[in-house]
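Geometric and topological summary
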Amino acid sequence: MRKGLIVQQKSVTMVDGYVPVIDISPRGGAEGRSALAAAIGKACETSGFFVIVNHGVPQELIDRTCAVTNEFFRLPSEEKDLIAHRPGASGFRRSGGKVARSIDQKTPPDLCETFAAHSTGELSEQERAKLGDYRATWKLANIWPERPAGFKDTWHEYMAALEGLSCDLMRLFALALGLDENFYDDKFDRHVSALVANYYYPQHEKPLPGQLRKGAHTDFGSLTVLYQEDNLGGLQVLQGEDDWRDVRAIPGSFVVNVGDLISLWTGGRWVSTMHRVVNPEQGNTSSRLSLPFFYQPNHDARVEPLRPLAAADDDSRFDSVIAGEWVAMKMSKLFETAH
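Summary of the structure given here.

Cut-offs used in this document
- Residues numbered from 1 in each chain as written.
- Predicted model: local features only at pLDDT ≥ 70, side-chain atom pairs only at ≥ 80, totals over all residues.
- Heavy atoms only, no water.
- Phe/Tyr/Trp six-rings, centres within 6.5 Å; stacked < 30°, edge-to-face > 60°.
- Buried < 20%, exposed > 50% of the residue type's maximum accessible area, 1.4 Å probe, protein only.
- Lys NZ or Arg CZ within 6 Å of the ring centre and 35° of its normal.
- Helix = DSSP H or I, 4+ residues; strand = E, 2+ residues; numbered from the N terminus.
- Polar contact = N/O pair within 3.5 Å; in protein donor to acceptor, adjacent residues only side chain to side chain.
- Contact = heavy atoms within 4.5 Å.
- Expected span 1.5 Å × (residues − 1).
- 1 Å grid on protein atoms, 1.4 Å probe; cavity = no way out; pocket = protein on both sides within 12 Å on 5 of 7 lines; lining within 4 Å.
- Points joined across faces, edges and corners; volume = space filled by probe spheres on them.
- Nonpolar A, V, L, I, M, F, W, Y, C, P; charged D, E, K, R; others polar.
- Core = buried A, V, L, I, M, F, W, Y, C linked by side-chain atoms within 4.5 Å.

Regarding the packing of aromatic side chains
Within the structure shown, the criterion is met by 21 aromatic pairs. Judged by centre distance (4.9 Å) and plane angle (85 degrees), the ring pair of Phe-183 and Tyr-184 falls under edge-to-face. Looking at Phe-183, the relative accessible area reads 28%, which means it is partly exposed. By the ring-pair criterion, three or more aromatic residues cluster together here, those being Phe-72, Phe-73, Phe-92, Phe-115, Trp-144, Phe-151, Trp-155 and Tyr-199. A cation over an aromatic ring shows up here: Lys-187 above the ring of Phe-183, its NZ or CZ 3.9 Å from the ring centre. Directly above the aromatic system of Trp-244 lies the positively charged group of Arg-276, at a separation of 4.1 Å from the ring centroid.

Written as C-alpha cells, this is what we have:
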C-alpha cells in the first residue's frame, strides 16, 4: 500500500494522500456507500484521482485480459496491420497519436501503440450512424484479431465487468455530490464507452525532446478506470504547477479519475487533473501495458453544470455542452496532421 496515513472513516479504509487508496468493499450497504461517497468526493475535489481496491472485478479476468492483449501486441507488425484502424472500423494503431494536442500543446507522437474497442462497436451500421451527426470513434465498428485465441471473448467479458463497476461508481459520485443516487442513470443508459489498450513498447532509441510514452493531458469525458500492469507504472499526476507525483501500480487495483465532463458537470467542484506517462530510465527496454476504460455518457446527453458554481467569477467556463460533441472535438485533435 502507498505510504501515508491510514484513515478510518466509518467502514471505509483509505490510505491518505494526493491520490488516496480507497477500499470500496463496503459499497454493498447504505452506511458503507455513504462513507465511500464522502471519501471519493474528497479525492475528486483535491486531485480528481484515487485508487480502488477490493472492487469485485475478478483478478483472473484482469490477468487473462492482460495476457491476450500483450500477446496481440507482440505479434508481427504485418499481422497487427490486418486489423488496423481505418474508415468505418476501430482497431490497431501503430501510433497512439499526440494526446497533448487535446490541450493544444505541440509535441512529438506519443511512444505507444494502441488497440481500441467500443461498447457500441457491435451495433449495426444503421444504429451506429445515429450516434451523432459528426465524426466520432463510437460510430465505428469493432474489428478483432484472429490471434490470440479468445481475444474478442475476453475483451467483451472485461468490458462488461468494467461497465458494471463504472455504473456503480457514478452512483457513488451522485451521492458524493448530494444528488439522488440514480441521477446519472439516464445519462448513461446508452453510453458510448471504450476500452483502450496502450502498449508502451521497448525504447531502443532516445526519445525526441519533449516526447513521452503519453503526453500531458486531461481526460475528456466523465470517468476513467485504469488498470496498470506492473508495480512501478510510469503514470504521473500533476500537483500544483510543476510537481509531478508518481502513481504506482498496486497489484489488483484500478486507478480512477474524473475527466473534463465531470468537472463541468460539478460546476468546478471536482477537478480534471493533468497527467502523463513518463519514459523509463535510459537503458530500460521493458515494455508496459495499461488498460484505460473510458466510461462515456450517452452521445446526446446534455451536461448542465451544478449551481452555484465553485468559481462564480468565471462563469464562461461552465457553459452546458452536449457530451458526444465535446468528446469528439477533443478526440479529433489527437491525430491532426497540421503543425
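Now that the structure is up, let's keep going.
Topic: unusual backbone geometry
A cis amide bond links Arg-147 with the next residue in sequence, Pro-148, at an omega value of -5 degrees. Mapped onto the elements of the fold, Pro-148 is located in the loop between strand E8 (141–142) and helix H5 (151–176). A positive phi angle, near 55 degrees, is found at Asn-54, a position not held by glycine. Take Asn-54: it is sitting in the loop between strand E4 (49–53) and helix H2 (59–73).

With respect to the side chain of Asn-142
Note that Asn-142 resides in strand E8. For Asn-142, a relative accessible area of 10% corresponds to the buried category. Among the polar contacts listed, one links the side chain of Asn-142 to the backbone nitrogen of His-118, at a separation of 2.9 Å. Excluding residues within four positions of it along the chain, Asn-142 makes contact with Ser-90, Ala-117, His-118, Gly-121 and Glu-122.

Some details on H2
The terminal C-alpha atoms of H2, which comprises 15 residues, lie 21 Å apart, in line with the 21 Å expected from a rise of 1.5 Å per residue. Where H2 is concerned, the buried positions are Leu-61, Ile-62, Thr-65, Cys-66, Val-68, Thr-69, Asn-70, Phe-72 and Phe-73.

Points about empty space enclosed by the protein
Regions of empty space are outlined by a rolling probe, equal in size to a water molecule, passed over the atoms. Per the counting criterion, the structure on display carries one cavity of 30 Å³ or more. A volume near 670 Å³ is recorded for the largest cavity. Lining the largest cavity are 38 residues, and of these Val-196, Asn-198, Lys-214, Pro-292 and Phe-294 lie nearest its centre. Breaking the lining of the largest cavity down by element, the ones donating at least two residues are strand E7 (113–118), strand E9 (194–200), strand E10 (214–217), strand E11 (223–228), strand E15 (275–277), strand E16 (288–295) and helix H7 (323–334). In terms of residue class, the lining of the largest cavity is built from 18 nonpolar, 16 polar and four charged.

With respect to H5
Taking 1.5 Å as the rise per residue, H5 with 26 residues should run 38 Å; its terminal C-alpha atoms sit 37 Å apart, in good agreement. Following H5 by one or two positions, Gly-178 adopts a phi angle in the positive range, close to 75 degrees.

Quick look at the nonpolar core
Phe-115, Trp-155 and Phe-254 are the most contacted members of the largest nonpolar core, which has 71 residues in total. The biggest single contributor to this core is H5, with eleven residues. Ranked by size, the runner-up nonpolar core spans twelve residues in total, among them Phe-49, Val-51, Leu-235 and Val-255.

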